[in-house]
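What the coordinates show
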Amino acid sequence: MLEIINLHASIDDQPILRGIDLAVNAGEVHAVMGPNGSGKSTLAQVLAGRDSYTVTAGEVRYCGRNLLELSPEERAREGIFLAFQYPVEIPGVANIYLLKAAINARRKHRGEAELDAMDFLALVKDKLKFMGMDEALLYRHVNQGFSGGEKKRNEILQMALLEPRLAILDETDSGLDIDALKVVAAGVEAMRSPARAIILVTHYQRLLDYVVPDRVHVLSQGRIVRSGGPELALELERRGYGWIDAGEAERVGAAP
Amino acid sequence: MNALVADRFVADFERVKALLPGAYVPWLQLAREEAFTAFLDKGFPTLRDEDWKYTSVAPIEKSRFVLTPAAAKSCNDLGGVGTQALPGARLLVFIDGRHAPELSRLGALPAGVTVDSLAAMLEREPERLQAALACPAAGYASGFAALNAAFVSDGAYVHLAAGAELEEPLQLLFLATAANLATHSRNVVVAGAGSRVRIVEQHASLNAGAYFSNVVTDIEAGRGAAVEHHKLQQEGPQAFHIAAVNAALGGDASFASSSFAFGGALARTAINVGLNGAKAQCSLDGLTMTDGRQHVDHHTRIDHAQPQCSSREFYKGVLDGASRTVFNGKVIVRAGAQQSDALQTNRNLLLSDQAEADTKPQLEIWADDVKCGHGATVGQLDPDQIFYLRARGVDAAAARALLVFAFANEVVERIRWLPLRARLERLLRARLPHGAGALQ
């Protein structure tokens with residue numbers, strides 16, 4: 001579904017991604033881990049189309065298409081969903097309005113009829129219940145005055161409504177207490193499907209106790225330096241990231 | 001003022017003074033003469049006047065406007081009125097500054113409520129207007145105010161006896177239909193103790209080209225009275241609009257004002273509130289939306305003259321093109337006006353590199369036990385918000401339109417009368433960049 005080949009990206013001429021290679025198939029859950037500053041969030045944002053990053057080399061194929069040619073909104077309508085690390089507050093825009101606009105943009109793109117208010121409300125209430133969210137959150141302004149946990153749940157709610165083909169969760173677990181983490185994890189686990197790929201970007205192994213990934217990749221200094229099964233995450237939890245960085249430094253140092 | 005311009009105004013005044021309403025009322029004659037002398041003395045404001053330093057009115061001074069004709073032209077079939085009338089409101093229509101009874105729809109008024117045109121009142125009971133039309137003790141605030149007093153031709157007279165209530169809102173609709181006209185309108189609102197009234201003052205144009213609308217609205221709210229005043233300025237793109245809203249509040253009175261300024265080439269609304277009795281309160285909201293080369297100002301002045309009064313100001317501006325706006329908000333707390341509570345907010349959104357917003361809060365505090373705050377911002381659309389919306393499938397143009405709408409709608413949402421709120425939402429959508437197809 002997603003194939004990233006030698007991806008380089010920079011911000012303000014500062015290289016962040018320095019040759020990412022990664023393939024994710026439908027039905028798989030991949031965890032992308034790494035220390036702060038390794039480029040995890042940049043990778044997530046570049047895949048969603050954030051224009052403050054410049055792709056300087058490489059390519060990204062998504063369902064057979066050149067992803068980098070698409071605008072962020074086209075990517076969203078084609079089924080890519082980014083759960084933001086820091087969900088943005090939008091004063092003056094009701095949450096329900098955003099949810100409805102997002103769903104209908106996707107439906108219109110697929111040539112489906114837009115949902116009317118009744119159908120939409122029925123759908124959204126169902127998902128709200130599953131996420132343990134108060135209906136009042138629908139009528140509040142997008143993320144404004146939401147607690148950290150409410151913001152993250154709101155992201156998962158949007159994901160559940162939009163049913164993406166490729167979901168990228170950028171540190172959705174950070175800042176959550178254990179109960180909120182369980183709810184979010186259950187939300188992600190429920191999205192697992194043979195037709196869907198999920199990329200979990202995370203600093204800690206904690207979330208992976210509840211959503212066991214098929215593959216784990218470790219990012220360091222803008223490259224994937226280790227890939228393995230779920231056991232790699234446990235090893236990181238035990239040994240920290242120091243050994244990865246040290247190994248990377250050796251490898252770079254030894255290069256001719 | 002340049003001598004040629006002055007000569008022109010002198011000739012105009014001599015020519016029309018006998019034709020203006022109430023011309024035979026001695027005290028009014030005298031007041032007009034005094035006002036005209038004050039105008040000649042003050043002249044038009046210049047950039048050297050502190051209150052006008054961002055705003056050149058030279059285009060008004062240079063234009064040769066014709067004064068309002070003595071009577072409204074026949075306009076039974078005027079298409080604009082129907083579309084402007086707010087559902088459920090009592091309507092008083094003025095065409096080119098003159099009352100048009102055949103287009104107005106006041107209905108039967110409850111006991112204790114008088115609503116009529118100023119000109120009709122000057123015919124019938126001129127003495128009821130003597131206090132309002134006499135030269136103010138403090139003199140005229142500007143040459144425009146003096147000019148208005150000298151040439152005032154019509155406007156609305158609204159009087160509520162103590163305890164009276166006008167349940168349906170009163171819409172004062174001023175429509176400009178002719179180019180090159182100067183109109184000097186005056187609205188006089190006297191709300192007796194404990195009375196309640198809600199007024200919408202709307203200025204719009206039916207393809208009138210360049211004209212000059214100089215309007216003064218005086219509001220007196222007695223003890224415990226509740227007055228709402230909502231001003232919609234939708235003048236034509238080449239129009240000049242200079243307006244003042246002067247509200248004097250007694251103890252426990254409340255005044256809720258909103259001012260929506262969308263039109264005009266050069267437009268300015270000054271809102272002056274005197275909190276003259278203890279525990280009076282006012283809230284002043286405003287929204288300016290400009291484009292092209294428009295220049296639109298709001299000047300507010302709130303005078304906390306007595307203790308325990310509160311004032312709230314919430315003004316926003318959305319600027320596109322090479323437009324320019326000024327928000328000047330002055331709050332005075334007099335010595336002895338203890339426990340005054342004043343808060344002023346002004347936020348501006350620049351949609352273009354060429355637009356310029358000047359914001360100037362001025363707090364003058366002479367009492368020590370007060371709570372006064374102010375905040376002003378000038379910014380652009382937040383790229384994080386745009387990206388968030390786009391990442392949810394909303395296209396870039398619709399995302400921008402949605403964010404502008406959300407920004408401006410914060411002012412509209414504060415309107416409590418729903419038909420007016422709905423009208424404003426519609427006006428707002430119509431002004432959004434790139435239309436707003438995505439906003440149903």
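Here is a short report on the structure shown in this document. The written sequence of each chain sets the order in which its residues are numbered from 1. As a convention, the first chain written is A and the first ligand written is 1, with the rest following in written order. With pLDDT at 70 or above as the cut-off, local features in this predicted model cover only qualifying residues; side-chain atom pairs require 80 or more to be listed or tallied, and sums for whole chains, interfaces and linings still use all residues. Only heavy atoms go into the side-chain values, all of them from the structure, while hydrogens and water stay out.

1. As for the overall build of chain B
Runs of H or I in DSSP of at least four residues are treated as helices and runs of E of at least two as strands, each being numbered from the N terminus. Helix and strand content of chain B: ten helices and 20 strands. Within these notes, the globule rule equals 2.2 Å times the number of residues to the 0.38 power, and the radius of gyration is based on C-alpha atoms. Against the globule reference of 22 Å for 440 residues, chain B gives a C-alpha radius of gyration of 21 Å, in line with a compact fold. Using a 1.4 Å probe on the protein chains alone, a residue whose accessible area is under 20% of its type maximum counts as buried, one over 50% counts as exposed, and one in between counts as partly exposed. By the burial criterion, 59% of the 440 residues in chain B qualify as buried. Taking the contacts inside chain B whose residues are at least 6 apart along the sequence as the reference set, 83% of them involve residues at least 24 apart. Averaging the positions of the 42 positive and the 46 negative side-chain charges in chain B gives two centres separated by 3 Å. The criterion used for residue contact is that any of the two residues' heavy atoms lie within 4.5 Å. When charges are counted, neither His nor the chain ends are considered; positive counts come from Lys and Arg and negative counts from Asp and Glu. Note on charges: their place is set at NZ of Lys, CZ of Arg, CG of Asp or CD of Glu.

2. A closer look at empty space enclosed by the protein
For cavity detection a 1 Å grid was placed over the protein atoms alone, and a set of points counts as a cavity when a 1.4 Å probe fits there but cannot get out; an open set counts as a pocket when protein lies on both sides within 12 Å along at least five of seven lines, with lining residues being those that have an atom within 4 Å of a point. Grid points are joined across faces, edges and corners, and a volume is the space filled by probe spheres set on the points. Counted under the stated rule, the structure contains seven cavities of 30 Å³ or more. Looking at the largest cavity, its volume works out to about 130 Å³. Along the walls of the largest cavity sit 16 residues, with Gly97, Ala176, Thr183, Tyr211 and Ser213 of chain B positioned nearest its centre. Listing elements by their share of the lining of the largest cavity, those giving two or more residues are strand 6 (170-176), strand 7 (181-191), strand 8 (196-205) and strand 9 (212-221) of chain B. Each pocket or cavity is described by its volume, and for the second largest cavity that value is around 80 Å³. Along the walls of the second largest cavity sit 13 residues, with Ala76, Ile80, Arg106 and Leu162 of chain A together with Arg392 of chain B positioned nearest its centre. Looking at the lining of the second largest cavity, the elements that each hand over two or more residues are helix 2 (72-77), strand 6 (80-83) and helix 3 (95-109) of chain A. Broken down by element, the lining of the second largest cavity gets its largest block of residues, three residues, from helix 3 of chain A. Along the lines of polarity and charge, the residues of the lining of the second largest cavity split into eight nonpolar, two polar and three charged. In the scheme used here, Gly and all other residues not listed as nonpolar or charged are polar, with Ala, Val, Leu, Ile, Met, Phe, Trp, Tyr, Cys and Pro taken as nonpolar and Asp, Glu, Lys and Arg as charged.

3. Quick word on the interface of chain A and chain B
On the chain B side, the residues contacting the 32 residues of chain A number 20 residues. Roughly 2,100 Å² of surface becomes buried between chain A and chain B when both sides are summed, with 61% attributable to carbon and sulfur atoms. If you sort the residues of chain A by the area they bury against chain B, Arg50, Glu73 and Tyr97 of chain A come out on top, with a joint share of 25%. Definition used for salt bridges: Asp or Glu carboxyl oxygen within 4 Å of a side-chain nitrogen of Lys or Arg. The tally of links from chain A across to chain B stands at three salt bridges. Residue Glu155 of chain A is joined to Arg392 of chain B by a salt bridge in which the shortest nitrogen-to-oxygen separation is 2.8 Å. Listed by contribution, the elements that provide at least two residues to the side of chain A that touches chain B are helix 1 (40-48), helix 2, strand 6, strand 7 (90-94), helix 3, strand 8 (141-142) and helix 6 (148-162) of chain A. Looking at the side of chain A that touches chain B element by element, the count peaks at six residues for helix 3 of chain A. Here the side of chain A that touches chain B is built from residues that sort into 19 nonpolar, seven polar and six charged. As a working definition, buried area equals the accessible area (1.4 Å probe) given up by two parts on being put together, with both sides summed.

4. Side note on the sheet that holds strand 3 (residues 29-33) of chain A
All names here are of chain A. Strands sit in the order 6-9-10-3-11-12 across an open sheet of six strands; the sheet is mixed. If you trace the sheet from one side to the other, it starts and ends with strand 6 and strand 12 (223-228), each paired once. Along the sheet, successive strands turn relative to each other by an average axial angle of 20°, direction set aside. Here strand 3 pairs with strand 10 (residues 197-202) via five bridges, running parallel. Following the sheet pairing, Ala31 is matched in strand 10 by Leu200. Pairing between two strands is assigned when DSSP locates at least 2 bridges connecting them. Orientation is described by axes fitted as lines to C-alpha atoms, over the contacting stretch for helices, and by angles from 0 to 180 degrees between their N-to-C directions.

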